[in-house]
Amino acid sequence: MKTTIYVPGDAVALALGADAVADAIMAGAAARGVELRLIRNGSRGMVWLEPLVEVVTPQGRIAYGPVTVDAVGSLFAANFPAGGEHPLCLGPTGEIPWLARQTRRVTPRLGVVDPKSLTDYVARGGGEGLRRARAMAPAAIVQVIADSGLRGRGGAAFPAGIKWRTVHDASAAQKYVVCNADEGDSGTFSDRMLMEGDPFCLLEGMAIAGLAVGASRGYIYVRSEYPHAIAALQAALAAAGDFLGKFRIEVRKGAGSYVCGEETALLESLEGRRGIVRSKPPLPAIEGLFGRPTLIHNVITLASVPDILAGGAAAHRDLGIGRSRGTLPFQLAGNIRQGGLVEVPFGLTLRELLYDFGGGSRSGRPLRAVQVGGPLGAYLPEAQFDTPLDYEAFASIGAGLGHGGIVAFDDTVDMAKQARYAMKFCAVESCGKCTPCRI
């Protein structure tokens, strides 16, 4: 019987040598007469342990990492296909404390499933939300989203239910669902990871949204710098068969414009024009893509939908604090010891995220500041690290959670240079028409 081995095909794992590790494992198995089945999964999100190799044993999946090509020989000598002991052995993957302390509602299959297999996705709970949505009236689906308290997982954090109801109530022969996958802020990578590691979740969320608002077509606008995500989405669409019903989805590649992360500039680009923001009104929910009612969300917002439909509005609403309900996959980057993707309910403090999950700075020096919410976000000093991760709490100190990207800096950072860097980035990327976005 073949042993199943997982080696991530995630972009970060690839950058750290995952392809070479996978080749070395298969070559080592062939040389030893060991039969292996190799699956290229997404990353679990523990970047400092990549490439993370997992082996399926009768006791569950056992993790080893970070695995290098040079370590493969000693792994075989330790009989790692059977879960053998080795200095790189981390034990059962799900029991790694960094993972076990998370609440993965949006990303439970990340690093678990074969991203190319619809069968694997459905076997691990995928499709349940869409199945339930098909048995409901469109208005009832909209009400579930409204009752859940879901807000857009981007800069504005606008209540999703209001958007959905507006598009639902608009009268038009053709409506659209558009996924904004133009994840351009520094320190953000949750959209990329989900598209690469669990693409069917995004497709399911879009199909549910289509049922709710009466849209038959969807577009995923992916930044050109994400070739692996584009390939994963196209492979998932090719394998989807009748999973999406009559809802049709196309993947469109962006052209390197930061401004196209703004929803109306994205629509302009989708229509084949230069990506410059539109003045509002009219809102895209009324006159969006090709002048038709359009529901626009980013990847994580749409990927939150299947779990809400499958588990009910209350299960989502019961997590979080204040008006920030549910969970958010936060992204830890910069000078941080344990960088990666951390999905937790709103309400945890920034300090808990930086130290309990991030482990403090990678340099071992005190953290001086963190930038939250991308290049347009605030730099927060250590005195504000006890701020709860909550949209309103961050707004009250002049900051924003944005997409949940967090970049850490130790006490050697020159904050004047960082401010200059951020302003230069904004000047270079600006389309020169700031007022529509600002207001």
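Conventions used here
Residues numbered from 1 in each chain as written. Predicted model: local features only at pLDDT ≥ 70, side-chain atom pairs only at ≥ 80, totals over all residues. Heavy atoms only, no water. Helix = DSSP H or I, 4+ residues; strand = E, 2+ residues; numbered from the N terminus. Buried < 20%, exposed > 50% of the residue type's maximum accessible area, 1.4 Å probe, protein only. Lys, Arg positive; Asp, Glu negative; His and termini not counted. Salt bridge = Lys/Arg side-chain N within 4 Å of Asp/Glu carboxyl O. Polar contact = N/O pair within 3.5 Å; in protein donor to acceptor, adjacent residues only side chain to side chain. Expected span 1.5 Å × (residues − 1). Arc of directions from axis to C-beta. Contact = heavy atoms within 4.5 Å. Phe/Tyr/Trp six-rings, centres within 6.5 Å; stacked < 30°, edge-to-face > 60°. Lys NZ or Arg CZ within 6 Å of the ring centre and 35° of its normal. Pairing = 2+ DSSP bridges.

1. Some thoughts on the side chain of Arg153
Then step 1. Tracing the chain through its elements places Arg153 in the loop between helix H7 (138–148) and helix H8 (160–169).
Then step 2. For the buried Arg153, no salt bridge exists, and the shortest N-O distance to an oppositely charged side chain is 7.7 Å, to Glu343.
Then step 3. A polar contact of 3.2 Å, which involves the side chain of Arg153, links it to the backbone oxygen of Thr327.

2. Some thoughts on helix H2 (residues 18–32)
Then step 1. Helix length check: H2, at 15 residues, gives a terminal C-alpha distance of 21 Å against a target of 21 Å (1.5 Å per residue), a fit within 8%.
Then step 2. Taken residue by residue, H2 has Ala18, Val21, Ala22, Ala24, Ile25, Gly28 and Ala29 as its buried positions. Down the axis of H2, the buried set is contained in an arc of 165°. They therefore lie on one face. Seen from the open side of H2, the exposed residues pointing more than 90 degrees away from its buried face are Asp23, Ala30 and Ala31.
Then step 3. Backbone geometry just after H2 places Gly33 at a positive phi near 70°.

3. Observations concerning helix H17 (residues 415–429)
Then step 1. If you check H17, its first and last C-alpha atoms are 21 Å apart, about what 15 residues at 1.5 Å a residue would give, namely 21 Å.
Then step 2. Buried residues of H17: Gln418, Ala422 and Cys426, and no others. Considered in projection along H17, the buried side chains sweep an arc of 70° and stay on one side of the axis. Among the exposed residues of H17, those pointing more than 90 degrees away from its buried face are Lys417, Arg420, Tyr421, Met423, Lys424, Ala427 and Val428.
Then step 3. Packing partners of the buried residues in H17 comprise strand S15 (378–381) and strand S16 (405–410).
Then step 4. Backbone nitrogen of Ala416 and a side-chain oxygen of the N-cap are separated by 3.0 Å at the start of H17; the cap is Asp414.

4. Notes on the packing of aromatic side chains
Then step 1. In this structure the tally under the stated criterion is eleven aromatic pairs.
Then step 2. When the ring of Trp48 is compared with that of Trp98, the centres are 5.0 Å apart and the planes differ by 75°; the resulting orientation is edge-to-face. Here Trp98 lies in helix H4 (residues 97–100) and Trp48 lies in the loop between strand S2 (36–39) and strand S3 (53–57), a separation of 50 residues in the sequence.
Then step 3. Ring geometry for Tyr176 and Tyr219: centres 6.0 Å apart, planes at 45°, overall tilted. Of this pair, Tyr176 sits in strand S6 (residues 176–181) while Tyr219 is found in strand S7 (residues 217–222), placing the two residues 43 residues apart along the sequence.
Then step 4. Given a relative accessible area of 8%, Tyr176 falls into the buried group.
Then step 5. Judged by its relative accessible area of 4%, Tyr219 falls in the buried class.
Then step 6. Ring pairing ties together the aromatic residues Trp48, Trp98 and Phe357, which thus form one cluster.
Then step 7. Taking the ring centre of Phe357 as reference, the NZ or CZ of Arg101 above it sits at 4.7 Å.

5. Focus: the pairing of strand S12 (residues 327–334)
Then step 1. Most of S12 is tucked away: seven of the eight residues are buried.
Then step 2. Linkage of S12 to strand S13 (residues 340–345), two consecutive antiparallel strands, is achieved through a turn of five residues.

6. Examining unusual backbone geometry
Apart from glycine, the bulk of residues carry a negative phi angle, and the bulk of peptide bonds sit in the trans form.
Then step 1. A cis geometry characterises the amide bond from Glu50 onward to Pro51, with omega recorded as -5°.
Then step 2. Its location among the elements puts Pro51 in the loop between S2 and S3.
Then step 3. The omega torsion of the bond from Gly65 to Pro66 falls at -10°, within 30 degrees of zero and hence cis.
Then step 4. Of note, Asn79 is a non-glycine position whose phi angle comes to about 60°, a positive value.
Then step 5. As for its placement among the helices and strands, Asn79 is situated in the loop between helix H3 (72–77) and strand S5 (89–92).
Then step 6. We note that Ala157 has phi near 55°; this positive angle belongs to a residue other than glycine.
Then step 7. Secondary-structure assignment places Ala157 in the loop between H7 and H8.

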